[in-house]
Amino acid sequence: MKYGYFDDKNREYVITNPRTPWPWINYLGNEDFFSLISNSAGGYTFYKDAKFRRITRYRYNNVPMDSGGKYFYIKDGENIWSPGWKPCKTELDSYECRHGMNYTNIRGEKNGITANVLYFVPLKTWAEVQKLTLTNNSKTVRKIKVFSFIEWCLWNAASDMENFQRNFSTGEVEIEGSVIYHKTEYKERRDHYAYYSVNVPIQGYDTDRESFFGLYNGFDEPQVVAEGKPKNTEAHGWSPIASHCIEVELKPGESKDFIFVLGYVENKEDEKWESKNIINKKKAKETLAKFNTTAKVDNALADLRKYWDNLLSIYTVNSGDDKLDRIVNIWNQYQCMITFCFSRSASFFESGIGRGMGFRDSNQDLTGFVHQIPERARERIIDIASTQFQDGGCYHQYQPLNKRGNNDIGGGFNDDPLWLILGTVSYIKETGDFGILEEMVPFDNDISVARSLFDHLTVSFDHVVNNLGPHGLPLIGRADWNDCLNLNCFSNDPNESFQTTENKTEGSKAESVMIAGLFVVYGRDYANLCNRLGKHNEAKRVQKHVDKMVDVIKKYGWDGEWFIRAYDYYGRKIGSNENEEAKIFIESNGWCTMAGIGKEEGLCNKALNAVKERLDSKYGIVLNNPAFTKYYIEYGEISSYPAGYKENAGVFCHNNPWIMIGETVVGNGNRAWEYYRKICPSYLEEISDLHKTEPYVYAQMVAGKDAFKPGEAKNSWLTGTASWNFYAVTQYMLGIRPDYDGLLIDPCIPTDWKGFKATRKFRGATYRIEVVNPNGKSKGISEVMVDGKPHKSNLIPVFGDGKEHSVKVVLG
Ligand code: BGC
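Calculation notes
- Residues numbered from 1 in each chain as written.
- Predicted model: local features only at pLDDT ≥ 70, side-chain atom pairs only at ≥ 80, totals over all residues.
- Heavy atoms only, no water.
- Core = buried A, V, L, I, M, F, W, Y, C linked by side-chain atoms within 4.5 Å.
- Buried < 20%, exposed > 50% of the residue type's maximum accessible area, 1.4 Å probe, protein only.
- Helix = DSSP H or I, 4+ residues; strand = E, 2+ residues; numbered from the N terminus.
- 1 Å grid on protein atoms, 1.4 Å probe; cavity = no way out; pocket = protein on both sides within 12 Å on 5 of 7 lines; lining within 4 Å.
- Points joined across faces, edges and corners; volume = space filled by probe spheres on them.
- Nonpolar A, V, L, I, M, F, W, Y, C, P; charged D, E, K, R; others polar.
- Contact = heavy atoms within 4.5 Å.
- Salt bridge = Lys/Arg side-chain N within 4 Å of Asp/Glu carboxyl O.
- Near = heavy atom within 4 Å.
- Polar contact = N/O pair within 3.5 Å; in protein donor to acceptor, adjacent residues only side chain to side chain.
- Areas by Shrake-Rupley, 256 points an atom, 1.4 Å probe, with all protein chains shown as cover.
- Arc of directions from axis to C-beta.
- Pairing = 2+ DSSP bridges.
- Axes fitted to C-alpha atoms, helices over the stretch in contact; angles between N-to-C directions.
- Phe/Tyr/Trp six-rings, centres within 6.5 Å; stacked < 30°, edge-to-face > 60°.
- Lys NZ or Arg CZ within 6 Å of the ring centre and 35° of its normal.
- Parallel < 35°, antiparallel > 145°, perpendicular 65-115°, else oblique.
- Left-handed = near helix turned anticlockwise from the far one by under 90°.
- Expected span 1.5 Å × (residues − 1).
- Disulfide = S-S within 2.5 Å.

> Would you take a moment to explain the nonpolar core for this structure?
Soluble globular proteins: nonpolar side chains tend toward being buried together. By size, the foremost hydrophobic cluster in this structure holds 249 residues, and its most contacted members are Y73 and Y676. With 13 residues, helix α11 (residues 513-532) is the largest single contributor of residues to this core.

Shown next as structure tokens:
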């Protein structure tokens, strides 16, 4: 069953039934100021950091689901309703939610009145704008009342949820005209406040939550709205909110706009106050003045649309398959922007409190984003590298607000450093900016020990070289990419985290074949980079280690039919036919085939066939098989999950593209695309009831074949699946790949495709690419024409001339 449809022309997903199987959300803002918004206007807002600068409160995992948000209540006589259906849940005559590129438009209609709310964060603005348009479609004059509602969070979203002995006494607001200011803790250590305003005079307001709702009422029945009369309350402690009341009269056919702005301000210490206890409102007023008319708001939305027109014009495909085109051209790229902004911090599955930016996550996210705004990717690379330690190790996560490594989780995840090579190389291949390698970058944010970014790559590579285990394979540390394969963290205490409990690395023999494959791929990239920089000795040294690793993998990482996953603490194989459970894993087979290890001897084909046979399922490739059915203390969290979920034999979508790329290495386009379609959300729209999460974005995990309900997705939005799928499909399957000296065209498509067209803007020129497939091939090129002339290779040069160039590639 479907709950809406794709409107590709407007780049929107249109939800027509508010009872989606799970809140289907969108993100507003793409730089500093952000909101999450569901199809029924649930969600919350923050500035930069969802933990430390939470502006509005949210209740996770509540009853009912998705409680709290940016609500409007319409009181029309005795009828009370909300345009997004929730929270009132009054049956609407019509409902529609359009999630677009960083904006959401929710429209509800009841008894001849339409309420349309456009929510967005204008570019370069620390505020969310909400344009409420009320229209009278009836034949009589209508008098209605509108109540807005948001609930302030007391800034730190973690302590906001636990420290009530303090919180209930600190809340402070200030009200001036139609603007409600939230200034809790402003008089002491905070230099920021927030505000919520509307651009018309109001009939009244409320800022005390219990007075507004009544102590025992829910979001669905605020007492003030039922009574139709604001109480003009001023919050002192307890739970401050902001609600405006507006009386509106509408003639038949008349429409009126009301512009609400929810904003955030920072003031310097000596500019904090206007007078004693009265906050300096100058900056808030400046922002309000920018958005106080419909025309200004419409212009700001038009600017946002233009911004996205531009970003999404960089890579477009025309394959003739709508489901593919819309995901590649619109939603996958959009999701890559979102994962770039948030890593794994704030979604409807990530609370925004637990995790900051992941070192490995953010590097991988760059691969799907770097073509959009390379300058921001550059800055991110420097930020990430600044949290690295001098020995090449690094913090596993850092906080976006202060960009400092997170001590709670610490380091010791031995795959982490290698991803910095991926992030950096992706950036240079896109931009040609080798200068980034000369940037001086601190270690652990200590500028006194800064070294060049290039040196950071060297220590990243050497971190593996310096941490090899008994077989010569990389030691795994706390975990590799699979956070849940905790081979050194023996935990039998349910009160501790699997990852941060003791790390018994002393005497450990736990090695990762996945890191080994990763090391080969990014070691080669690093060697290649060294050669380009004329550092041939370094390149030779690196290549030696890489070659050795290839041998070691063949010797100790091969199980006869596939690549094993790891060696455990005691030196026993994991992911081998010898094991009783989890005989085979996806990750090592993905990385070793991407690296082409043993391709000539047929190892890659064998491994990929084993994946097909043992791991593939109707809904994607599961992570391991057979699933673990009991807890293995020496494997850790992976075996804690019920069979078929998450890292225990779930379809962990993030790693499916590794196999797809592996399939392209051996030229098997049919299989690569078959895998792709299984996890690509636009192909799953029809089964939304089962799939549950949004049909426009990837989910991290889909329940695997051993699960109770195979096919049910979880953890949508913030997942490396976004960048990896974009990378796999655009660079390896459609095969348009930025390289140091140009754009490499090397498609691997299904044999029944006749071809496709694509446009790629790359280093200052536009490449109009046509791939034709007259002989039903998957891979291999017989002819290349550039600007109508034969071209000797499939590497199309950098033109950088601001012009369009035609590229025709014939498969054969
Ligand atoms: C984490 C990733 C990790 C993956 C697999 C995700 O939740 O963000 O860093 O690689 O899980 O465990």
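> Whenever I open this one, the layout of surface pockets confuses me. Can you help?
Take a probe with the size of a water molecule and roll it over the atoms, and the empty space left behind shows itself. Considering only enclosed or pocket space, the largest pocket measures out at about 900 Å³ in volume. Lining the largest pocket are 40 residues, with E350, G354, R355, Q397 and D483 sitting closest to its centre. Here the second largest pocket defines a volume of roughly 510 Å³. Forming the boundary of the second largest pocket are 23 residues, of which K429, D525, Y727, Y732 and R737 lie nearest the centre.

> Explain empty space enclosed by the protein to me, please; I cannot follow it from the model alone.
All told, the structure shown has four cavities of 30 Å³ or more when counted by the stated rule. Approximately 60 Å³ is the volume attributed to the largest cavity. As for the largest cavity, its lining consists of Y315, T367, V370, H371, E430, F726, T730, Q731, I736, P738 and R760. Of all elements in the fold, only α18 (721-733) and β37 (736-739) reach the threshold of two or more residues within the lining of the largest cavity. If one sorts the elements of the lining of the largest cavity by residue count, α18 sits on top with three residues. Of the residues assigned to the lining of the largest cavity, the class counts are five nonpolar, four polar and two charged.

> Help me understand the side chain of K646, please; the structure alone is not making it clear to me.
Positionally, K646 belongs in the loop between β33 (624-625) and β34 (651-652). A residue is classified by how much of its surface remains accessible, and K646, at 16% relative accessible area, is buried. Sequence-distant contacts of K646, defined by excluding residues within four places in its chain, comprise Y641, F652, Q700, M701 and N715.

> Would you take a moment to explain the pattern of salt bridges for this structure?
A side chain of one charge can pair with a side chain of the opposite charge if their charged atoms are brought near each other. Taken as a whole and assessed by the stated rule, the structure comprises 62 salt bridges. Taking the shortest distance from any N to any O, the salt bridge between D309 and R11 comes out at 2.8 Å. Of the two residues, D309 sits in helix α5 (residues 294-311) while R11 sits in the loop between β1 (4-7) and β2 (12-15), which places them 298 residues apart along the sequence. Among the ionic pairs, R451 bridges to D455, the shortest N-O distance being 3.2 Å. Through salt bridges that share partners, R57, R59, E151, D160, R209 and E210 make up one connected network.

> Teacher, can you tell me more about the site of the ligand here?
In the neighbourhood of the ligand, the contacting residues comprise R344, R355, R360, D361, W481, N482, D483, E647, F652 and Q700. Here an oxygen atom of the ligand and a backbone polar atom of W481 are 2.5 Å apart. One nitrogen or oxygen atom from the side chain of E647 is found 2.5 Å from an oxygen atom belonging to the ligand. With the chains in place, 96% of the 310 Å² that the ligand exposes on its own is no longer accessible. When the residues that make up the shell around the ligand are grouped by side-chain class, the tally is two nonpolar, two polar and six charged.

> When you look at helix α4 (residues 282-290) in this model, what are you seeing that I'm missing?
The α-helix advances 3.6 residues per turn, and as a result positions three or four apart in sequence lie on the same side. Listed in full, the buried residues belonging to α4 are A284, T287 and L288. Relative to the axis of α4, the buried residues are bounded by an arc of 100° and lie together on one face. The exposed set on the far side of α4, more than 90 degrees from its buried face, consists of K282 and K290. In the core, the buried residues of α4 are packed alongside β12 (127-136), β15 (179-182), β16 (192-198) and β19 (255-266).

> I would appreciate a short explanation of the sheet that holds β15 in the present structure.
Strand-to-strand pairing in sheets goes through backbone hydrogen bonds, with the strands running parallel or antiparallel. Strands sit in the order β1-β2-β9-β10-β11-β12-β19-β16-β15-β14 across an open sheet of 10 strands; the sheet is antiparallel. The open sheet has two edge strands, β1 and β14 (173-176), and neither has a second partner. Averaged over all adjacent pairs, the angle separating strand axes in this sheet is 15°, with direction ignored. The pairing of β14 with β15 spans four bridges and is antiparallel. Residue pairing for β15: V173 is matched across the bridge by H182. Here α4 sits on the sheet in contact with β12, β14, β15, β16 and β19, set at roughly 35° to β16.

> How should the sheet that holds strand β36 (residues 713-716) be read in this particular structure?
Taken together, the three strands give an open sheet; going across it, the order is β34-β35-β36, and neighbouring strands pair in antiparallel fashion. Each of the sheet's edge strands pairs with one partner strand only, and the pair in question is β34 and β36. Across two bridges, the pairing between β34 and strand β35 (residues 699-702) is antiparallel. Opposite V651, over in β35, you have V702 as the bridge partner.

> Sorry, what's going on with the packing of aromatic side chains here?
This structure, assessed with the given rule, holds 71 aromatic pairs. Positioned above the aromatic ring of F340 is the side chain of R380, whose terminal nitrogen or guanidinium carbon lies 4.0 Å from the ring centre.

> What am I meant to see in the side chain of S688 here?
Along the polypeptide, S688 turns up in helix α17 (residues 688-691). Exposure remark for S688: the relative accessible area of 1% places this residue in the buried category. When near neighbours in sequence (up to four residues on either side) are disregarded, S688 contacts M1, Y3, P21, W24 and P695.

> Sorry if this is basic, but what is going on with the environment of I314 here?
When you line up the elements, I314 lands in the loop between α5 and β22 (315-318). Using a relative accessible area of 10% as the deciding quantity, one classes I314 as buried. With sequence-adjacent residues up to four places away left out, I314 is seen in contact with H371, Q372, T759, R760 and K761.

> Would you mind showing me how to read the packing of helix α7 (residues 359-369) against α18 here?
Axis angle and axis distance: for two packed helices, these are the angle between their axes and the distance between the axes, and together they describe the pair. Across the interface, α7 lies against α18 with an axial gap of 8 Å and an inter-helix angle of 45°. Comparing their axes, α18 and α7 come out oblique. By crossing handedness, the relation of α7 to α18 is classed as left-handed. Listed contacts from α18 to Q364, D365, T367 and G368 of α7 are S723, W724, F726 and Y727. Of the residues belonging to the contact of α7 with α18, the class tally is three nonpolar, four polar and one charged.

> Explanation requested: α5 in the structure shown.
When the terminal C-alpha atoms of α5 are compared, their 26 Å separation across 18 residues agrees well with the 26 Å that a helix rising 1.5 Å per residue should span. Of the positions making up α5, those classed as buried are V297, A300, L301, L304, Y307, W308 and L311. Along the axis of α5, the buried residues cluster in a sector spanning 110°; they form a single face. In the core, the buried residues of α5 are packed alongside β10 (103-110), β11 (113-120), β12, β19, α6 (322-342) and α8 (374-385).

> Help me understand the environment of L718, please; the structure alone is not making it clear to me.
The residue L718 is located in the loop between β36 and α18 in this model. Along the backbone, L718 and F348 are 370 residues apart, and their C-alpha atoms lie at a distance of 9.4 Å.

> Looking at this structure, I do not really get the state of the cysteines. What am I missing?
Here, the word disulfide means a covalent bond between the sulfur atoms of two cysteines. Summed over all chains, the structure comprises zero disulfides. The thiol of C341 is not disulfide-bonded; the next cysteine sulfur, from C336, is found 11 Å away. Here C680 stays unpaired: no disulfide links it, and the sulfur of C653, its closest cysteine neighbor, is 10 Å away. Overall, the relative accessible area of 0% leaves C680 in the buried class.

> Would you explain unusual backbone geometry in this entry?
Backbone torsion omega between V63 and P64 reads -5°, so that peptide bond is classified as cis. Backbone torsion omega between K86 and P87 reads 5°, so that peptide bond is classified as cis. Within the secondary structure layout, P87 lies in the loop between β8 (79-81) and β9 (94-99). One non-glycine residue, K89, lies in positive phi territory at about 60°. For K89, the position within the fold is in the loop between β8 and β9. Under the relative-accessibility criterion, K89 is labelled partly exposed at 43%.

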